[in-house]
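Structural features, examined
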Amino acid sequence: MNTEKATARRLTAEEVSELGLQDEIFVSAEAEGLPLDCYAPAFLTKPGKNFEGGSFTAKTVFGEEVHVLPDNAEERGIWVADKSGETIEVLQSAGVLLNLALFVPNGNKESLDSLYAAARDAFGAGIVQRWSEEAVAVPDVKVDLFEEPARGRKNTNNQNRDRRALDIYPTRVRFLEPSDGWKFVVEPHREIVDDTPTI
């Protein structure tokens, strides 16, 4: 296990409530029930000032969500880097896992295999692995993608619509996420016709 020693101090709930989303903290590195006796770099999922009781929620750089009560002596707490603090062990990254959605024009098995072989050549045969693979034919049709408020009123003449992306393939919509409080609306693509008279 690759760890690095860091100097940090434990924060009280009052101190955590002053933190923002950009402030790097350290929380327990326990991952999916696997007890690890060290800490992981993390960030709060919402500003500390929004704390309304219960627990603070932080997300580690490894994608784990951790709920912490900083003032609870039985918990590992929330720590922040401080040269005058105490030494803690911080879990380091072993690499990056990429979840890729690859669009291969006129893709067939040979082109996918050559992509895989090129990645193995670049990073090493024992490094690049196919964890799951879903080959989906992409229809030759384009759509317009809009965002609307998730709880929008009906018959508002679409005034709240925000054109998010244009001319995209329907299968790509599956890999996009709407903004907080918004939902996606997908419609068949309509070419924009400029009716401005020309001289």
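Small disclaimer: the values here were computed from a predicted structure and weren't measured.

Observations concerning the overall build of the protein chain
Counting its secondary structure elements, the protein chain contains three helices and 10 strands. Starting at the N terminus, the α and β elements of the protein chain follow one another as β-α-β-β-β-β-β-β-α-β-β-α-β. Relative to the compact-globule value of 16 Å for 199 residues, the protein chain shows a C-alpha radius of gyration of 24 Å, a clear excess of over 25%. Taken along the three principal axes of its C-alpha coordinates, the protein chain extends 75 × 50 × 35 Å. Taken over 199 residues, the protein chain has a buried fraction of 24%. Just so you have it, the protein chain exposes about 14900 Å², and 50% of that area is on carbon and sulfur atoms. Of the side chains in the protein chain, 22 bear a positive and 35 a negative charge, and the two mean positions are spaced by 5 Å.

Quick look at helix α2 (residues 109–123)
Its 15 residues give α2 an end-to-end C-alpha distance of 21 Å, which sits within 8% of 21 Å, the value for a rise of 1.5 Å per residue. Following α2 by one or two positions, glycine 124 has its phi on the positive side, about 115°.

A few points about the layout of surface pockets
If a probe the size of a water molecule is rolled over the atoms, the empty space left behind becomes visible. If you add up the space inside the largest pocket, you get close to 2100 Å³. Lining the largest pocket are 43 residues, and of these Leu98, Asn99, Leu100, Ala101 and Leu102 sit closest to its centre. Residue assignment for the lining of the largest pocket shows that the elements contributing at least two residues are α2 and α3 (170–173). Per-element tally for the lining of the largest pocket: the top contributor is α2, with five residues. Grouping the amino acids of the lining of the largest pocket by side-chain chemistry returns 28 nonpolar, 10 polar and five charged.

Thoughts on the nonpolar core
Ranked by internal contacts, the top residues of the largest apolar core, which has 14 residues, are Val16, Ile25, Val27, Leu44 and Ile78. Of all elements in the fold, only α1 (13–16), β2 (25–28), β3 (39–44), β4 (56–60) and β5 (65–68) reach the threshold of two or more residues within this core. Aside from chain neighbours lying at most four places away, what touches isoleucine 78 is Arg9, Arg10, Leu11, Val16, Ile25, Phe26, Val27, Phe56, Val68 and Pro70. Ala6, Ala8, Tyr39 and Ile88 belong to the second largest nonpolar core, which has seven residues in total.

A closer look at the pattern of salt bridges
Applying the stated criterion across every chain, the model contains five salt bridges. For the salt bridge of lysine 5 with glutamate 89, the shortest nitrogen-to-oxygen distance reads 2.4 Å. A residue pair is termed long-range when its members are at least 10 positions apart, and lysine 5 in strand β1 (residues 3–10) and glutamate 89 in strand β7 (residues 86–91) qualify at 84 residues. With relative accessibility at 58%, the residue lysine 5 sits in the exposed group. Measuring nitrogen to oxygen at the nearest pair gives 3.8 Å for the salt bridge that ties arginine 76 to aspartate 37. In this pair, arginine 76 is assigned in the loop between β5 and β6 (79–81) and aspartate 37 in the loop between β2 and β3, connecting sequence segments 39 residues apart. Given a relative accessible area of 27%, arginine 76 falls into the partly exposed group. One connected set of salt bridges, linked through shared partners, spans Arg9, Glu15 and Asp82.

Some details on the packing of aromatic side chains
Under the counting rule described, the total for this entry stands at one aromatic pair. Against the face of tyrosine 39 rests arginine 76, its NZ or CZ located 4.6 Å from the ring centre.

Each value, and the rule that gives it
- Residues numbered from 1 in each chain as written.
- Predicted model: local features only at pLDDT ≥ 70, side-chain atom pairs only at ≥ 80, totals over all residues.
- Heavy atoms only, no water.
- Helix = DSSP H or I, 4+ residues; strand = E, 2+ residues; numbered from the N terminus.
- Rg over C-alpha atoms; globule rule 2.2 N^0.38 Å.
- Buried < 20%, exposed > 50% of the residue type's maximum accessible area, 1.4 Å probe, protein only.
- Areas by Shrake-Rupley, 256 points an atom, 1.4 Å probe, with all protein chains shown as cover.
- Lys, Arg positive; Asp, Glu negative; His and termini not counted.
- Charge placed at Lys NZ, Arg CZ, Asp CG, Glu CD.
- Expected span 1.5 Å × (residues − 1).
- 1 Å grid on protein atoms, 1.4 Å probe; cavity = no way out; pocket = protein on both sides within 12 Å on 5 of 7 lines; lining within 4 Å.
- Points joined across faces, edges and corners; volume = space filled by probe spheres on them.
- Nonpolar A, V, L, I, M, F, W, Y, C, P; charged D, E, K, R; others polar.
- Core = buried A, V, L, I, M, F, W, Y, C linked by side-chain atoms within 4.5 Å.
- Contact = heavy atoms within 4.5 Å.
- Salt bridge = Lys/Arg side-chain N within 4 Å of Asp/Glu carboxyl O.
- Phe/Tyr/Trp six-rings, centres within 6.5 Å; stacked < 30°, edge-to-face > 60°.
- Lys NZ or Arg CZ within 6 Å of the ring centre and 35° of its normal.

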